[in-house]
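The primary structure of each chain is shown beneath.
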Amino acid sequence: MLMKKDQQGKAVILLTIDALRADHLKSYGYHRNTAPNIEKLAEKGTIFINAITNGPESPTAFSSLFTSILPLLDGGFSPLPPQKITLPQLLKENDINTYAIHSNPNLGKFFNFNRGFDVFLDGERYKKDSTNSLKHQLSAYIKKLLDYNNLSNKLIYRLKGFNTLKTWLRKKMPFLTEILLPFTPIAYNAPYVVSKLISFIETSQKPLFIWAHFMDVHSPYNPPRRNVLNFRNKDFNITERKFLVEKVYLRAKGIEITPKMIDDLKILYDAEINFIDEYCAILFEAIKKKIQSNCLIIIAADHGESFYEHGFFGHQGSIYDEVLKIPLIIVELSKKSIKKKVKETIQLIDITPTILDYFGIEVPENFQGLSLLSMTRGESIKRKDFVISECYQKSGYMKRNQEEGLILLAIRNQGWKYIFDEENDKEFLFNLNLDPQEENNLIHENTKKLLEFRAIKQHHIKKITESYEEKLKIIKSIDKLKLDGLK
Ligand SMILES: [Zn+2]
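Treat the numbers as computed from the prediction; the structure is a model and nothing was measured. (Residues numbered from 1 in each chain as written. Predicted model: local features only at pLDDT ≥ 70, side-chain atom pairs only at ≥ 80, totals over all residues.)

## Looking at the overall build of the protein
- For the protein, the count of helices and strands is 16 helices and 16 strands.
- A burial count over the protein gives 43% of its 487 residues as buried. (Helix = DSSP H or I, 4+ residues; strand = E, 2+ residues; numbered from the N terminus. Buried ≥ 20, exposed ≤ 12 C-beta atoms within 10 Å, placed from the backbone.)

This is the structure we're talking about:
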């Protein structure tokens, strides 16, 4: 049952980094130390080596993270349906202060991701309570004055030295982002996110939950020069950057992808991780000063990123492990702290139960995840033997529902992975222990395994369909009520 005194003075800070694949961090075996400050913090906590996202892009992933229910079940994920209770809603019911700062347009108020947050700053629609504020008026005025996106593409980005200027501005004047946010689709601004986060820490009361999401690692990669220089003796010039990000990444016609191009793109990507990490150092220092103990810091990603392992870049429409394997690091700030690496497979739906457990709040029965807290304290937990990751997609693009897209799902169990691609009516079976690159499809070699996975898939799809029909019934009954009202 609820233990109010258990919450006193506690804080949870959830930091999520969009599109950060696990194997680009040193503690996950990467050859570069992309994030030395995060690595240093991880020395005091638990690193989950086999963390899997339940959704391969932001909406499916964050729906899983905040509701602890698989994204395609119970009315879907985008917008979050009212019947799916979110973590911040449960925290709010227990008088915990809830704050969020992010700039991913898929996770805004429009898609109901603000539910349960006292303060919710969502990049694109950032308004901060009042539309009459000076900043908002100024933004609206500038927006009227010029079509920013068009102008920036045509003019600003072509200016020599623009990148240097932008980097300098975003470092020295993070507040500029607030003015620019309403008319730039996504803000890539770790300094801004961190400055907001620190202001939350400084002004809020405990018990406290803060979620901050960083977009800097998400494409298009355009890191500051100094971060590139950490991994290369010379910076890429603007032409080289544009070629990599626009031609190579988007696989423009006539471009033959070479290993060198992939390596160069990875440097840009790694430099973005390194950029966020610099600001994490400032954040961790602030946490150390202001919070000190009784605090859980969770660092995770929503999904990973492909670098042409299976013929494409990015993360939409793919369910291979370069997209499904995410970092998860949990640090409990307390006197006793030892570094641990946990090999057991865990999933994004486990984060909400973990946070509820930390605050001493009962986890609702229908939640599919399990608390990882005992694992961070050296115990093991008994868990379900398979993990599902899923989305709707069409022609390689993310879709939000059954009307627009078809199911793409992966089920993993004891070193095996099964993929079902409804659009192309294809199935794949991989032995991850022998073939972690997912290159040898074994559907014809291991029929027994294939049939086992098929049964799990069919059972799961039946649940999706049933919950979808349930949703349609509700919508129909609401429509009928409306029609009756009109009579
Ligand atoms: Zn994402």
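## Describing the sheet that holds strand β14 (residues 406-413)
- In spatial order, the strands read β13-β12-β14-β15-β16; together these 5 strands make up an open sheet with antiparallel pairing. A strand with exactly one partner marks an edge of an open sheet, and here the two such strands are β13 (397-399) and β16 (426-431). Shown here is a sheet whose adjacent strand axes are inclined to one another by a mean of 30 degrees, direction ignored.
- Pairing of strand β15 (residues 416-421) with β16, which is carried by 6 bridges, proceeds in the antiparallel orientation. The partner of F420 across the bridge, within β16, is E427. (Pairing = 2+ DSSP bridges. Axes fitted to C-alpha atoms, helices over the stretch in contact; angles between N-to-C directions.)

## Focus on the packing of helix α9 (residues 190-203) against helix α12 (residues 259-290)
- Running from amino to carboxyl end, α9 crosses α12 at an angle of 10 degrees, the nearest separation of the two axes being 9 Å. With respect to each other, α9 and α12 are oriented roughly parallel. Contacts between α9 and α12 involve A190, P191, V194, L197, I198, I201 and E202 from the former and F275, I276, Y279, I282, L283, A286, I287 and K290 from the latter.
- Looking at the contact of α9 with α12, its residues break down into 13 nonpolar, no polar and 2 charged. (Parallel < 35°, antiparallel > 145°, perpendicular 65-115°, else oblique. Contact = placed C-beta atoms within 7 Å. Nonpolar A, V, L, I, M, F, W, Y, C, P; charged D, E, K, R; others polar.)

## Some details on unusual backbone geometry
- Residue P79 follows S78 across a cis peptide bond; omega there is 5 degrees.
- Along the chain, P79 falls in the loop between α3 (58-67) and α4 (87-93).
- That bond from S219 to P220 is cis: its omega, -5 degrees, falls within 30 degrees of zero.
- Assignment of secondary structure puts P220 in the loop between β5 (208-214) and α10 (225-229).
- Non-glycine residue D425 carries a positive phi angle of around 50 degrees.
- Within the secondary structure layout, D425 lies in the loop between β15 and β16.

## Some words on α3
- Of all 10 residues that make up α3, 10 are buried, and the element is covered over most of its length.
- Where α3 is concerned, the buried positions are S58, P59, T60, A61, F62, S63, S64, L65, F66 and T67.
- Just downstream of α3, S68 is the residue with a positive phi angle, here 60 degrees.

## Digging into the nonpolar core
- Counting 119 residues, the largest nonpolar core has I13, I276, I297 and I298 as its most contacted members.
- At 13 residues, the largest contribution of residues to this core is made by α12.
- Mapped onto the domain boundaries, this core takes at least three residues apiece from domain 1 (4-381) and domain 2 (385-487). (Core = buried A, V, L, I, M, F, W, Y, C linked by C-beta atoms within 7 Å. Domains from an automatic or database assignment.)

## Observations concerning the pairing of β15
- Pairing of β14 with β15 involves 6 bridges; the strand directions are antiparallel. Within β15, the residue paired with N413 across the bridge is W416.
- Between β14 and β15, which pair antiparallel in sequence order, lie 2 residues; one of them, Q414, sits at a positive phi of approximately 45 degrees.
- Where β15 folds back onto β16 in an antiparallel hairpin, the turn is made up of 4 residues, including D425, whose phi is positive at roughly 50 degrees.

## Considering the environment of L250
- With respect to the helices, strands and loops of the structure, L250 is situated in the loop between α11 (238-248) and α12.
- The class for L250 is partly exposed, based on 13 C-beta atoms found within 10 Å.
- Along the chain, L250 and P220 lie 30 residues apart, while their C-alpha atoms are 9.9 Å from each other.

## What about the environment of D235?
- Position of D235 relative to the elements: it lies in the loop between α10 and α11.
- Distance in space between the C-alpha atoms of D235 and R225 is 6.0 Å, their sequence separation being 10 residues.
- Contacts of D235, omitting those with residues within four sequence positions, involve R225, V228 and L229.

## Concerning the pairing of strand β1 (residues 11-17)
- Burial runs high along β1: 7 of the 7 residues are buried.
- A two-sided burial pattern is seen for β1, the buried positions comprising A11, I13, L15 and I17 on one face and V12, L14 and T16 on the other.
- With 7 bridges joining them, β1 and strand β6 (residues 295-301) adopt parallel strand pairing. Note on β6: the bridge partner recorded for T16 is A300.

## Regarding the confidence of the model for the protein
- Chain-level statistics for the protein give a pLDDT mean of 86 and a share of 82% at 70 or above.
- The low-confidence segment residues 124-130, where pLDDT is below 50, has 15 contacts with residues more than four positions distant or belonging to other chains.
- Across residues 182-187, where pLDDT falls below 50, the model places 20 contacts with residues more than four positions away in sequence or in other chains. (pLDDT = per-residue confidence, 0-100.)

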